[in-house]
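Coordinate analysis (summary)
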Amino acid sequence: MPRVQIKKNDMVYVLSGKDRGKTGKVLKVFVDKNKAVIEGINQIQKHTRPNPQKNIKGGILPKESPIHLSNLMVVCKRCNKHSRIGFSVMPDGRKARVCKSCNELLDE
Ligand SMILES: [Zn+2]
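Before going further, it helps to spend a moment on the environment of Asp32. Mapped onto the fold, Asp32 is located in the loop between strand S2 (23–30) and strand S3 (35–38). Separated by 21 residues in sequence, Asp32 and Met11 have C-alpha atoms that sit 20 Å apart.

As structure tokens, then:
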């Protein structure tokens, strides 16, 4: 089972695609697909047909499409770098993510 290092509400840095180099907030993680939706990143123009019976006006709406987790890196809140993430076991046995640049815990 792959270790998911990216969680909802994380800030992440985009490594590839048209939004390469940008950062955004994780809105949703699809664990089974190893993908995540990032606010304002990888937007597609979604065409909607008008449907007066359902009161849908139609038109073109921007919508974020999911990005594969391998194209994302977590941005550390402490050192503000997109860094490699390690795991540390807490005294109570829980696993916490650790920034490999500054060694700070990413999870409370
Ligand atoms: Zn850090």
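Further notes follow.
Within a pair of aromatic rings, the relevant descriptors are the distance that separates the centres and the angle that separates the planes. The final tally for this structure, using the stated rule, is 0 aromatic pairs. The ring centre of Phe30 lies 5.5 Å from the NZ or CZ of Lys33, which sits over that ring.

Residues Lys8, Lys25, Lys28, Lys33, Lys35, Lys46 and Lys63 make up a contiguous surface patch of positive charge. Looking at the secondary structure, you find Lys63 in strand S5 (residues 59–64). Taking relative accessible area as the criterion, Lys63 reaches 41% and is therefore assigned partly exposed.

Turning our attention to the domain arrangement of the protein chain. Frequently, the measure chosen for interface size is the accessible area removed from exposure when the parts meet. According to the domain assignment, the protein chain consists of domain 1 (1–49 + 59–75) and domain 2 (80–108). The distance between the C-alpha centroids of domain 1 and domain 2 comes to 22 Å. Across the contact, 10 residues belong to domain 1 and 10 residues belong to domain 2. In total, about 880 Å² of surface goes out of reach between domain 1 and domain 2, with carbon and sulfur atoms giving 61% of it. Contact with domain 2 buries area across many residues of domain 1, yet Gln5, Val74 and Val75 alone supply 50% of it, more than any other trio. Summed over the shared surface of domain 1 and domain 2, the result is 2 salt bridges. Between Arg97 and Asp10 there is a salt bridge, with its nearest N and O atoms 2.9 Å apart. Our enumeration of links across domain 1 and domain 2 arrives at 3 residue pairs in polar contact (both at pLDDT 80 or more).

Now for the coordination of the zinc ion. Within the protein, the zinc ion binds to Cys76 (SG), Cys79 (SG), Cys99 (SG) and Cys102 (SG); these donor distances fall in the range 2.2 to 2.3 Å. Considering all 4 donor atoms around the zinc ion, the spread of angles at the metal, 105 to 115°, places the coordination shape in the tetrahedral class. In the primary sequence, the donor residues of the zinc ion line up as C-x2-C-x19-C-x2-C. Residue Cys76 is located in the loop between strand S7 (72–74) and strand S8 (85–89), and its partner Cys99 is located in strand S9 (residues 95–99); the two are separated by 23 residues in the primary sequence. Each member of the pair Cys76 and Cys99 is classed as buried.

Calculation notes
- Residues numbered from 1 in each chain as written.
- Predicted model: local features only at pLDDT ≥ 70, side-chain atom pairs only at ≥ 80, totals over all residues.
- Heavy atoms only, no water.
- Helix = DSSP H or I, 4+ residues; strand = E, 2+ residues; numbered from the N terminus.
- Phe/Tyr/Trp six-rings, centres within 6.5 Å; stacked < 30°, edge-to-face > 60°.
- Lys NZ or Arg CZ within 6 Å of the ring centre and 35° of its normal.
- Patch = residues over 30% accessible without salt bridge, like charges linked within 9 Å, V, L, I, M, F, W, Y side chains within 5 Å.
- Areas by Shrake-Rupley, 256 points an atom, 1.4 Å probe, with all protein chains shown as cover.
- Salt bridge = Lys/Arg side-chain N within 4 Å of Asp/Glu carboxyl O.
- Lys, Arg positive; Asp, Glu negative; His and termini not counted.
- Charge placed at Lys NZ, Arg CZ, Asp CG, Glu CD.
- Buried < 20%, exposed > 50% of the residue type's maximum accessible area, 1.4 Å probe, protein only.
- Domains from an automatic or database assignment.
- Contact = heavy atoms within 4.5 Å.
- Buried area = accessible area lost by both parts, 1.4 Å probe.
- Polar contact = N/O pair within 3.5 Å; in protein donor to acceptor, adjacent residues only side chain to side chain.
- Donors = N, O, S within 2.8 Å, 3.2 Å for Na, K, Ca; no water.
- Tetrahedral: all angles 85-135°; square planar, octahedral: opposite > 155°, others 65-115°.

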